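# Remarks on the overall topology
In case you want the letters, here they are:
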Amino acid sequence: DGESAMQHNIYLFGAPGAGKGTQAQLLSEKLGIPQLSTGDMLRAARKEGSELGNRVAALMDSGQLVPDEVVIELVKQRLARPDHQAGVILDGFPRTIKQAEALDAMFAATGRAPLRVISVEVAFDEIRRRLAGRRWCARCNGTFHVTDNPPRPGNSPGCDVSSCPPAVRPDARPEAIEKRLQAYSQQTAPLMDYY
Ligand code: ADP
């Protein structure tokens, strides 16, 4: 129908650290539709100290994926919200074939417009450099880079620089970075063929 023809459902596909979150935010502002980041949702759950947050903490910090059921349920609830009916920018979901199949089923059940997939491709060595230099503020959820995007007045969304002391995300330790790249190669990269 006319409504779903105008719906923009966009999926940013790529390795961690490729810049999906940054591009998703820009697209979200430009198109006026929400960004749906499962990583942000999981970090928010941890900040609240919810049972779910506690359950996924160790997996996230070690660089492993959390169980499919957990993220599928989060996304299902989000997509049902009235402010997500004009479309959505998916960032960090789906990350496994099982998640992609569940998303297809949700789209079919609710008559959403087909997903447009954008592949963000960056060499692993550049990704290692970006992730190792990444800094993050738990308060404003701002993401920075020690040299490429240092925190300074005006570029931290919810904090001023004095109250926004970015920290190294636990999953930016070298062992965790390698685990995340491994999870991407083994579990997420096959989605290239799927789509
Ligand atoms: P990045 O893209 O930098 O790896 P994200 O914020 O997308 O970071 O995700 C952080 C962590 O949250 C992941 O390493 C994983 O543990 C968990 N996570 C996020 N999205 C998913 C998903 N779709 N499936 C499984 N785990 C996820």
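Our structure's up above, just so we're on the same page.
A brief structural summary. Source: prediction; values computed, not measured. Every chain is numbered on its own, with residues counted from 1 as its sequence reads. With pLDDT at 70 or above as the cut-off, local features in this predicted model cover only qualifying residues; side-chain atom pairs require 80 or more to be listed or tallied, and sums for whole chains, interfaces and linings still use all residues. Side-chain numbers here rest on the full set of heavy atoms in the structure, without hydrogens or water.

## Digging into the overall build of the chain
Here is the rule: Starting at the N terminus, helices and strands are each numbered in turn, a helix being any DSSP run of H or I of at least four residues and a strand any DSSP run of E of at least two. Each residue is placed in one exposure class: buried if its accessible area under a 1.4 Å probe, protein chains only, is under 20% of its type's maximum, exposed if it is over 50%, and partly exposed if it falls in between. Residues are treated as being in contact if the distance between any of their heavy atoms lies within 4.5 Å. For the accessible areas, the method is Shrake-Rupley and the probe is 1.4 Å, while residue cover comes only from the protein chains on display. The sign given to each residue is positive for Lys and Arg and negative for Asp and Glu; His and the chain ends receive no count. The atoms used to mark charge sites are NZ of Lys, CZ of Arg, CG of Asp and CD of Glu.
Helix and strand content of the chain: nine helices and six strands. Each principal axis of the C-alpha distribution contributes one length, and for the chain these read about 50 × 35 × 35 Å. Every one of the 195 residues in the chain was classed for burial, and the buried ones make up 42%. Counting only contacts in the chain whose residues sit at least 6 apart along the sequence, the fraction spanning at least 24 positions is 69%. Carbon and sulfur atoms make up 54% of the accessible area of the chain, which totals about 10,300 Å². In the chain, 24 positive and 23 negative side-chain charges are present, and the distance between their average locations comes to 5 Å.

## Quick word on the packing of aromatic side chains
Keep this limit in mind: Pairing of aromatic rings covers Phe, Tyr and the six-membered ring of Trp, with a centre-to-centre limit of 6.5 Å; geometry is then stacked below 30 degrees between planes, edge-to-face above 60, and tilted otherwise. We call a charge positioned over a ring when the NZ of a Lys or the CZ of an Arg lies within 6 Å of the ring centre and within 35 degrees of the ring normal.
On inspection of all chains with the given rule, the structure shows five aromatic pairs. Among the aromatic residues, ring-to-ring pairing joins Tyr11, Phe13, Phe124, Tyr184, Tyr194 and Tyr195 into one connected group. Positioned above the aromatic ring of Trp136 is the side chain of Arg43, whose terminal nitrogen or guanidinium carbon lies 5.8 Å from the ring centre.

## So, unusual backbone geometry
Leaving glycine aside, a negative phi is the common case for residues, and trans is the common case for peptide bonds. Cis geometry marks the peptide bond from Phe93 to Pro94; its omega dihedral reads -5°. Note that Pro94 resides in the loop between strand E3 (87–91) and helix H6 (97–110).

## Things to note about the site of the ligand
The criterion, for reference: Think of it this way: one heavy atom of a residue within 4 Å of a molecule or strand is enough to make that residue near it. Identification of polar contacts relies on pairs of N or O atoms within 3.5 Å, with a donor-acceptor requirement for protein atoms, meaning one able to donate a hydrogen and the other able to accept it, and with residues adjacent in sequence counted only if both atoms are side-chain atoms. In this count, Pro and Cys sit with the nonpolar residues alongside Ala, Val, Leu, Ile, Met, Phe, Trp and Tyr, while Asp, Glu, Lys and Arg are called charged and the others, Gly among them, polar.
If you check the shell around the ligand, you find 18 residues, and the closest are Thr38, Arg43, Gln64, Arg134 and Arg180. Take Val66: an N or O atom from its main chain is 3.1 Å from a nitrogen atom of the ligand. Taken by itself the ligand offers 540 Å² of open surface, and the protein chains cover 96% of this. At four residues, the largest contribution of residues to the shell around the ligand is made by helix H3 (residues 38–48). Looking at the shell around the ligand, its residues break down into seven nonpolar, five polar and six charged.

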